[in-house]
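# Coordinate analysis (summary)
If you want the building blocks of each chain, they are given just below.
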Protein chains: 2
Amino acid sequence: MKKTDVLVIGGSAAGFVTAATAKSNYPEKDVTIIRKEEIVMIPCGIPYVYGTSGSTDKNVLPDAGLNKLGVNIVIDEVVSVDKDSKKVKTKKGEEFEYDKLVFATGSTPAVPKWLKGTELENVFTIPKNKVYLDELMVKLKDCKKVVTVGAGFIGIEMSDELNKIGKEVTVVEMLPHILGLAFDEELAVEAEEILTSRGVKLVTGVGVKEILGDAKVKGVMLNNGDIIDADAVVLSMGYRPNVKLAEDTGVAINERGFIVADQFRRTNIEDIFAVGDCSEKRDFITGKLSGIMLASTACAEARVAGMNLYGLSSVKTFPGTIGIYSTAIGETAFGAAGLTEKQAENKGFEVVTGSFTGMDRHPGNFEDAHKQMVKLIVSKDSGIILGGEVIGGKTAGELINVIGFIIQNRMTIADLLVAQIGTQPMLTASPAAYPLIKAAEMAAKKLK
Amino acid sequence: MKKTDVLVIGGSAAGFVTAATAKSNYPEKDVTIIRKEEIVMIPCGIPYVYGTSGSTDKNVLPDAGLNKLGVNIVIDEVVSVDKDSKKVKTKKGEEFEYDKLVFATGSTPAVPKWLKGTELENVFTIPKNKVYLDELMVKLKDCKKVVTVGAGFIGIEMSDELNKIGKEVTVVEMLPHILGLAFDEELAVEAEEILTSRGVKLVTGVGVKEILGDAKVKGVMLNNGDIIDADAVVLSMGYRPNVKLAEDTGVAINERGFIVADQFRRTNIEDIFAVGDCSEKRDFITGKLSGIMLASTACAEARVAGMNLYGLSSVKTFPGTIGIYSTAIGETAFGAAGLTEKQAENKGFEVVTGSFTGMDRHPGNFEDAHKQMVKLIVSKDSGIILGGEVIGGKTAGELINVIGFIIQNRMTIADLLVAQIGTQPMLTASPAAYPLIKAAEMAAKKLK
Ligand SMILES: Cc1cc2nc3c(=O)[nH]c(=O)nc-3n(C[C@H](O)[C@H](O)[C@H](O)COP(=O)(O)OP(=O)(O)OC[C@H]3O[C@@H](n4cnc5c(N)ncnc54)[C@H](O)[C@@H]3O)c2cc1C
Ligand SMILES: Cc1cc2nc3c(=O)[nH]c(=O)nc-3n(C[C@H](O)[C@H](O)[C@H](O)COP(=O)(O)OP(=O)(O)OC[C@H]3O[C@@H](n4cnc5c(N)ncnc54)[C@H](O)[C@@H]3O)c2cc1C
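Residues numbered from 1 in each chain as written. Chains lettered and ligands numbered in written order. Predicted model: local features only at pLDDT ≥ 70, side-chain atom pairs only at ≥ 80, totals over all residues. Heavy atoms only, no water.

Rules: UniProt positions are given in the numbering used here, feature names are shortened, and annotations may be inferred rather than shown by experiment.
The name an unreviewed UniProt entry gives chain A is NADH peroxidase, with Clostridium tepidiprofundi DSM 19306 as the organism. On record in UniProt, under Cofactor (unreviewed entry), the comment for chain A is "FAD". Listed under Sequence similarities (unreviewed entry) in UniProt, the entry text for chain A is "Belongs to the class-III pyridine nucleotide-disulfide oxidoreductase family."

## Section: the overall build of chain A
As a reminder, the rule being used: A run of H or I in DSSP counts as a helix once it spans at least four residues, and a run of E counts as a strand once it spans at least two, with each numbered from the N terminus. For the radius of gyration, the atoms used are the C-alpha atoms, and the globule rule reads 2.2 Å times the number of residues raised to 0.38. Whether a residue is buried, partly exposed or exposed follows from its accessible area with a 1.4 Å probe, protein chains only, as a fraction of its type maximum: under 20%, in between, or over 50%, in that order. What makes two residues a contact is simply this: any of their non-hydrogen atoms within 4.5 Å.
Within chain A, the regular secondary structure consists of twelve helices and 26 strands. The C-alpha atoms of chain A give 23 Å as radius of gyration, which agrees with the globular expectation for 448 residues (22 Å, within 12%). C-alpha atoms of chain A, sized along the principal axes, occupy 65 × 60 × 40 Å. A buried classification covers 60% of the 448 residues belonging to chain A. Taking contacts inside chain A between residues at least 6 apart in sequence as the whole, the part at least 24 apart equals 64%.

## Regarding the state of the cysteines
For clarity, the threshold we go by: Working definition: a disulfide is two cysteine sulfur atoms within 2.5 Å of each other.
Scanning the entire structure with this criterion turns up zero disulfides over all chains. We note that Cys44 of chain B lacks a disulfide partner, and the nearest cysteine sulfur, in Cys299 of chain B, lies 8.1 Å from it.

## Description of the sheet that holds strand E25 (residues 371-379) of chain B
Residues and elements named next belong to chain B. Selection rule: In short, DSSP must find at least two bridges between two strands for them to pair. Axis definition: a line fitted to C-alpha atoms, over the contacting stretch in the case of helices. Angles run 0 to 180 degrees between N-to-C directions.
The strand order across the open sheet formed by five strands is E22-E23-E26-E25-E24, and the pairing between neighbours is antiparallel. Strands with a single pairing partner mark the edges of an open sheet, and in this sheet they are strand E22 (324-329) and strand E24 (351-359). Put simply, the sheet's adjacent strands are angled 10° from each other on average, direction ignored. As paired elements, strand E23 (residues 332-338) and strand E26 (residues 385-392) share six bridges and run antiparallel to each other. Bridge assignment links Ala337 to a residue of E26, and that residue is Gly388.

## Some details on the site of ligand 1
Worth spelling out the cut-off: Here a residue is near a molecule or strand as soon as one of its heavy atoms is found within 4 Å of it. In the analysis that follows, any N or O atom pair within 3.5 Å is treated as a polar contact, provided that within protein one partner can donate a hydrogen and the other can accept it, and provided that, for residues neighboring in sequence, both atoms belong to side chains. Note on areas: Shrake-Rupley with a 1.4 Å probe; residue coverage comes only from the protein chains shown.
As a matter of local geometry, ligand 1 sits amid 33 residues, with Ser12, Glu37, Lys128 and Asp277 of chain A together with Thr423 of chain B nearest to it. Nearby residues place ligand 1 at the junction of chains A and B. Within the side chain of Glu37 of chain A, an N or O atom sits 2.5 Å from an oxygen atom of ligand 1. Compared with its free state, where it exposes 1,000 Å², ligand 1 has 94% of that area covered by protein.

## A word on the relation of the copies chain A and chain B
Test applied: Here the copies are matched by least squares. The fit uses the C-alpha atoms of residues with pLDDT of at least 70 in both.
With an RMSD of 0.0 Å, the operation that places chain A on chain B is a rotation of 180° combined with a shift of 0.0 Å along the axis. Within this description, the copies of the chain are treated as partners about a two-fold rotation axis. Looking at chain A, 100% of its interface residues are interface residues in chain B too, so the copies touch through the same face.

## Let's talk about the sheet that holds strand E19 (residues 272-274) of chain A
All names here are of chain A. Read across the sheet, five strands follow the order E4-E3-E2-E8-E19 without closing on themselves; strand pairing throughout is parallel. Each edge of the open sheet carries a strand with a single partner, namely strand E4 (72-75) and E19. Within this sheet the neighbouring strands show an average axis-to-axis angle of 20°, counted without direction. Here strand E2 (residues 6-9) pairs with strand E3 (residues 31-35) via four bridges, running parallel. What sits directly across from Val6, in E3, is Val31. The sheet strands contacting helix H1 (residues 13-25) are E2, E3 and strand E8 (100-103), and the helix crosses E3 at an angle near 170°.

## Points about the packing of aromatic side chains
Residue and element names in this part refer to chain A. Convention followed: Think of it this way: a Phe, Tyr or Trp ring, Trp meaning its six-membered ring, pairs with another when their centres are within 6.5 Å, and the plane angle makes it stacked under 30 degrees, edge-to-face over 60, tilted otherwise. A ring is scored as having a charge over it whenever the NZ atom of a lysine or the CZ atom of an arginine sits within 6 Å of its centre and within 35 degrees of its normal.
A full pass over the atoms with the stated rule returns ten aromatic pairs over all chains. A centroid spacing of 5.1 Å and a plane angle of 5° characterise the contact between Phe153 and Tyr325, whose relative ring orientation is stacked. Of the two residues, Phe153 sits in helix H5 (residues 153-164) while Tyr325 sits in strand E22 (residues 324-329), which places them 172 residues apart along the sequence. Overall, Phe153 belongs to the buried group, its relative accessible area being 12%. With centroids separated by 6.1 Å and ring planes inclined at 75°, the aromatic side chains of Phe183 and Phe334 adopt a geometry described as edge-to-face. With a gap of 151 residues between them, Phe183 in the loop between strand E12 (168-173) and helix H6 (185-197) and Phe334 in strand E23 (residues 332-338) connect regions that are remote in the sequence. Taken together through their ring pairs, the aromatic side chains of Phe153, Phe183, Tyr325 and Phe334 make up a single cluster. A cation over a ring is seen here: Lys29 above Tyr310, with NZ or CZ 4.2 Å from the ring centre. For Lys100, the ring lying beneath its charged end belongs to Tyr310, and the centroid distance is 5.0 Å.

## Section: the packing of helix H10 (residues 396-408) of chain A against helix H9 (residues 396-408) of chain B
Test applied: Each angle gets one of four labels, with under 35 degrees taken as roughly parallel, over 145 as roughly antiparallel, 65 to 115 as roughly perpendicular, and the rest as oblique. Each residue gets one label: Ala, Val, Leu, Ile, Met, Phe, Trp, Tyr, Cys and Pro are nonpolar, Asp, Glu, Lys and Arg are charged, and the others, such as Gly, are polar.
One way to put it is that H10 of chain A packs onto H9 of chain B with a least axis distance of 8 Å and a crossing angle of 10°. Taken together, the axes of H10 of chain A and H9 of chain B lie roughly parallel to each other. Here Glu398, Leu399, Asn401, Val402, Phe405 and Ile406 of chain A of H10 of chain A come into contact with H9 of chain B, specifically with Glu398, Leu399, Asn401, Val402, Phe405 and Ile406 of chain B. Residues belonging to the contact of H10 of chain A with H9 of chain B are distributed by class as follows: eight nonpolar, two polar and two charged.

## Some remarks on the interface of chain A and chain B
Selection rule: Using a 1.4 Å probe, buried area is obtained as the accessible area two parts lose upon being combined, added over both of them. By definition here, a salt bridge exists when the distance from a side-chain nitrogen of Lys or Arg to a carboxyl oxygen of Asp or Glu is within 4 Å.
Listed as interface residues are 77 residues of chain A and, on the opposing side, 77 residues of chain B. Broken down residue by residue, the surface that chain A buries against chain B is led by Glu398, Phe405 and Gln420 of chain A, which jointly contribute 14%. In this structure, the connection of chain A to chain B is made through two salt bridges. Salt-bridge contacts for Asp368 of chain A lead to Lys394 of chain B; the nearest nitrogen and oxygen are separated by 3.1 Å. Summed over the shared surface of chain A and chain B, the result is 32 residue pairs in polar contact (both at pLDDT 80 or more).

## With respect to the nonpolar core
Applied cut-off: We call a set of buried Ala, Val, Leu, Ile, Met, Phe, Trp, Tyr and Cys residues a nonpolar core when their side-chain atoms join them within 4.5 Å.
Counting residues in each nonpolar core, the largest one holds 90 residues, and the members touching the most others are Leu376 and Leu436 of chain A together with Leu376 and Leu436 of chain B. For Leu376 of chain B, the contacting residues outside a window of four places in its chain are Val352, Thr353, Gly354, Ile385, Gly387, Gly388, Ile403, Ile413, Leu416, Leu436, Ala439 and Ala440 of chain B.

## Describing the pairing of strand E8 (residues 100-103) of chain B
All names here are of chain B. Alternating positions in E8 separate into two faces, Lys100 and Val102 on one and Leu101 and Phe103 on the other, with burial throughout. Relative to strand E19 (residues 272-274), E8 runs parallel, the two being bridged by three bridges. Bridge assignment links Leu101 to a residue of E19, and that residue is Ile272.

## What about the site of ligand 2?
Among the 33 residues in the neighbourhood of ligand 2, the closest are listed as Thr423 of chain A together with Ser12, Glu37, Lys128 and Asp277 of chain B. Within the contact set of ligand 2, an oxygen atom lies 3.4 Å away from a backbone nitrogen or oxygen of Leu294 of chain B. Relative to its unbound accessible area of 990 Å², ligand 2 is 94% covered by the protein chains. Those elements that provide at least two residues to the shell around ligand 2 are helix H1 (13-25), strand E3 (31-35) and helix H7 (295-308) of chain B. For the shell around ligand 2, the residue count by class is 16 nonpolar, ten polar and seven charged.

## Comments concerning the side chain of Thr395 of chain A
Within the secondary structure layout, Thr395 of chain A lies in the loop between strand E26 (385-392) and H10. Residues within four places of Thr395 of chain A in sequence aside, it is in contact with Asp360, Arg361, Gln372 and Leu427 of chain A together with Lys394, Thr395 and Glu398 of chain B.

## With respect to the pattern of salt bridges
Residue and element names in this part refer to chain B. Going through the model one piece at a time under the given rule, you end up with 53 salt bridges over all chains. Residues Asp271 and Lys86 are paired through a salt bridge, measuring 2.7 Å at the closest nitrogen-oxygen approach. With a gap of 185 residues between them, Asp271 in the loop between helix H6 (244-249) and E19 and Lys86 in the loop between strand E5 (78-82) and strand E6 (87-90) connect regions that are remote in the sequence. Taking the shortest distance from any N to any O, the salt bridge between Lys128 and Asp277 comes out at 3.5 Å.

Put into structure tokens, the structure is as follows:
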């Protein structure tokens, strides 16, 4: 029997940050991570393993930071938790006694039961598991035609990378447009144009009916009867929270399948916390349950849990989930924060929007200048910004964080109209036509 | 005698944005700009004319936007204003009657009276004037050795550009470090290393005593007696607000030489406003008069004036100046917002700071990954963030705007510790080690 003060189950984004935060806030406490993986992948970097970086060895989340802090790392799997005696058992037969327990068990790829053929050879998912990803790399070598099912960020990133290394890639998406959960139509269409101009084929507005083949995959049949030939199929149809262990422990699970967790990330059971993809999300704006899984959210929740383990802070609470997404296709970056126009309307807001397209350098004739488009989604009654979407050069990845902070601070259009923005020719759009501010002006007109 | 509702004197950043804002908020009003220049330069782009873009023709602020809105543009100079009859006279002998008048007369390079030799041939300043800048371009052709006096952003950008086209450039700066008004020492030192590694020579901590030469410049003598040979000298010793016309009109001027202007940018005289470099700045944090001149500030003031010309809005007021600077030296970008550590201390704050250095991509081994360093300056009593400094790749230009919004919202370290940040491998630092949040953690430790 081993003893530890803080026991974190899972060692990816959420587990890593919880342990690091706990140890630096409570240096006198023993902090232990138990995780399955010998080597942890940087989850968000996984797609880039296949084209850009070429190897999972270049995508490792290093243990050095945790070691330096003095966090104990145990490679094992927790198989049961006894919440009364506060003990866990592992697959290797170890027992650990804890004072505080944190579920950071994450998520695994969703494979829908209704979909036939998912058991065929060369049907893959994208888990966060080095061994699987290495095998996938080897098996893809002999494949020419790849079909990706699902056009969220992960499906798109994976498809673009496979296209880069010469595969013939077709993406199938049931929604009318790719990236449909993050972007309104007019921006999604731009992403589609760039992707197809790079050689990726898109089939949108139609779902997959069945994966075809005998032992090995041969193709994909769509709901409209069309068949697409394929040597490999990559399923990118979302992720499911890993909550079985928590459930068995007696921890409450919400109706969307996540571990219930409050603003301090406490579960319903004393001394048990939950963070990251496995834990409950509530939308920052609507307060409703949400299913967003993002490393950024996971890490923020992890910091909150890590700081509140021994003694609560009323200023260090988690205020609700804001989806802040970004991705890059070649030199073009896409970002989204908060609600899209469509989502905001569906959730009951009366909204106005403002959009503006300019250049991300000034003058716009600089060699690395890129078109920059900003759309703001605004609550009509208050002028509060509910969401934003950006297309631009690579700086759009931080520009969407500007919008993230605008939303987190519940700023209004009036606040933006008087805001000061740093600008520099080589780095940003012009101060006289900064798309974020111009978009606010467009929205302001409609608010009049 | 011509009549206009809104008359804006000056057609650069502040004048442009005031006129555009006025016309779009009050489309029924006649809006007129009177400006000296036939062709307006993008002020911030001026240094890049000499190396990167090669011509002032590529650095033009176009009139198209104003024309489209229906703003009248008059190329002339206002020589007098009669505030009682509400009329102005121009150099070309025209008269205009106005209802609202806006001073956007900007600033011109400061040439200190005590400095001997400034009248010599090949001693230059950097005004925002195409004709002068074109002449400078021609004259520089025959110069090999250039001395820049003053190592603020403009002096540094100009020096780096001249170095790029093969000049031997030496920068002389009286302060111990370059960029000393925006950066604390540890960050300024990094900028110095990059600049010198590119071939620019730096002489810091010693002032210029005299510019040497007969008719033409031959060198520069420093306060320590050293002489630096020069075929040309570029003075970049700050800018002075153009307030003579306002003063003659009877408009109040503050003790730092700027036109007094309130939160709506109204001067002491009914129906006369002032915006941009010519107008009063008050520090957002301290409320004290400041001398900061930035296009970003100018444009924010201009929007405020433009919106409040006919009827005041209590939510569209100017809350005080935050210096948000950025610049690039090669692939490295530098940004600063709010107060430096030194400035905060000098102004009476007890501060703690937090710094963190990471990479701006994750994994950090991506080809275009760049070191990213963030420093936060925090008020000890409240945890409110007073300032921030960033070094990184080109995304640092928007990252400093994230910090700008943090300051504008008076966010605290606790707010940052729970904040959600969008992250993506190709676009940003890792969510588990995002330097802005890690820097906040470092500061939090010291606040305990
Ligand atoms: C391909 C891909 C790309 C992505 N890109 C982005 C992006 O660009 N930006 C972004 O914000 N998000 C992105 N995400 C989402 C992000 O990766 C997740 O939100 C993040 O990984 C969540 O971290 P987590 O620690 O909660 O869960 P996970 O990463 O799923 O980790 C869970 C961990 O718990 C371990 N575990 C589970 N059960 C046990 C047990 N019983 N005993 C021991 N260990 C256990 C697992 O082995 C694993 O180590 C991406 C995801 C994927 C898959
Ligand atoms: C080389 C350089 C680089 C810079 N880089 C940056 C940067 O990267 N980022 C940043 O934020 N800021 C930067 N700045 C500062 C920025 O350019 C100024 O803050 C900005 O130009 C201020 O705009 P303004 O309209 O107030 O004044 P100005 O640009 O000075 O324009 C004043 C205008 O008024 C006209 N005028 C004056 N008197 C009269 C009259 N009597 N009749 C008619 N017209 C008149 C002038 O001719 C001129 O058109 C830089 C400045 C320079 C010089």
